[in-house]
Amino acid sequence: MNATTPSTLPTARTYLAVVAKYVLWVHLNTGYPLDEPEEVFLHHLIRRYARAQFRSDESLYRQANIERLKLIARNLGDDDPHQELTWPATPKGLYSDADKAALAASARARNTDRSRGNMQIIVALGFGAGLRGDEIATARVADITITGDESEVRVHGKGARVVPVGPEWVSMLDAGLAGRELDGYALLGYRYGRVATRIITDHHVWMPDEPHPSPQRMRSTWIVEQWERGMPTETLRVLSGYKDRGELRKHIRKFRPEAFAGGDLNVFGGVA
């Protein structure tokens, strides 16, 4: 911990807590000797620790702790010249084309009109427009315009914007909206006050054996797909509802870490 030359007692306590957890993990899981700090604080070990302890955690808390360990490693002489990322792609990665087909088929096969319509809307707005879960849950029928094979959805509130729906998802969206009141919510069902997304997650409770789409994974899939198709970063930022282009990095870097290997994503403000 002293390798960081902490300037205040709270800083020292923070580093000490981080170091204690890491050293215990090294001792229990790797067999590395603990006699010399230089043999413990190594970037390749820190990456293993990140994979084991923070597999699906993308929080700032997690990132800050890993950066603290990396700082100690650098101060003790391990420069990590390859600058490899400290976190891998989550096991629950982007949806594949086969995943999309399975979710679309499940949405069409639900056993009630309401559930079938809701799931088609959820899947279409997730894969077709990359909306967040709360944005899907609060969308109204009047917010969605469909003209032939083209559609767009107007998002209100935080990140207000108009997003075009991918043409391959328009027919499913249209089918899901059939018979719904223009001035009502697109998704029908009981609403739980401030927890807007419960109307989405409840479907998994009702039909646990059916595949259930994750709005977050659908959104990441949509963002990465648009980026890989060459959509300008600023356009992607606006359509994603972010205030800063750097916020796109958590999706691109999480699922396409190789794009950052040589600083290729300087379009994100030069912070690859």
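Here is a short report on the structure shown in this document. (Residues numbered from 1 in each chain as written. Predicted model: local features only at pLDDT ≥ 70, side-chain atom pairs only at ≥ 80, totals over all residues. Heavy atoms only, no water.)

With respect to the packing of helix α4 (residues 97-108) against helix α5 (residues 113-129)
Part 1 of the argument: Close contact between α4 and α5 brings their axes to 7 Å; oriented N to C, the two are set at 155°. As judged from the angle between their axes, α4 and α5 are roughly antiparallel. The chirality of how α4 crosses α5 is left-handed. Between α4, through K100, L103, A107 and R108, and α5, the contact on the second element is made entirely by R116, M119, Q120, V123 and F127. (Axes fitted to C-alpha atoms, helices over the stretch in contact; angles between N-to-C directions. Helix = DSSP H or I, 4+ residues; strand = E, 2+ residues; numbered from the N terminus. Parallel < 35°, antiparallel > 145°, perpendicular 65-115°, else oblique. Left-handed = near helix turned anticlockwise from the far one by under 90°. Contact = heavy atoms within 4.5 Å.)

With respect to the side chain of T30
Part 1 of the argument: Position of T30 among the secondary structure elements: in the loop between α1 (9-29) and α2 (43-53).
Part 2 of the argument: Using a relative accessible area of 18% as the deciding quantity, one classes T30 as buried.
Part 3 of the argument: For T30, the side chain forms a polar contact with the main-chain oxygen of V26, separated by 2.6 Å. (Buried < 20%, exposed > 50% of the residue type's maximum accessible area, 1.4 Å probe, protein only. Polar contact = N/O pair within 3.5 Å; in protein donor to acceptor, adjacent residues only side chain to side chain.)

Quick look at the environment of L177
Part 1 of the argument: The topology assignment puts L177 in helix α7 (residues 170-177).
Part 2 of the argument: Between the C-alpha atom of L177 and that of I144, which follows or precedes it by 33 residues, the distance is 9.3 Å.
Part 3 of the argument: Beyond its immediate sequence surroundings of up to four residues, L177 is in contact with I121, V141, I144, I146 and A186.

A closer look at the environment of A104
Part 1 of the argument: Locating A104 in the fold gives a position in helix α4.
Part 2 of the argument: Under the relative-accessibility criterion, A104 is labelled buried at 7%.
Part 3 of the argument: Remark: the alpha-carbon pair of A104 and P211, spanning 107 residues in sequence, is separated by 9.7 Å.
Part 4 of the argument: With sequence-adjacent residues up to four places away left out, A104 is seen in contact with W169 and M172.

Looking at a negative patch on the surface
Part 1 of the argument: Together, D35, E36, E38 and E39 give the surface a local cluster of negative charge.
Part 2 of the argument: You can see D35 is positioned in the loop between α1 and α2.
Part 3 of the argument: Here D35 falls in the exposed class, since its relative accessible area comes to 66%. (Patch = residues over 30% accessible without salt bridge, like charges linked within 9 Å, V, L, I, M, F, W, Y side chains within 5 Å. Areas by Shrake-Rupley, 256 points an atom, 1.4 Å probe, with all protein chains shown as cover. Salt bridge = Lys/Arg side-chain N within 4 Å of Asp/Glu carboxyl O. Lys, Arg positive; Asp, Glu negative; His and termini not counted. Charge placed at Lys NZ, Arg CZ, Asp CG, Glu CD.)

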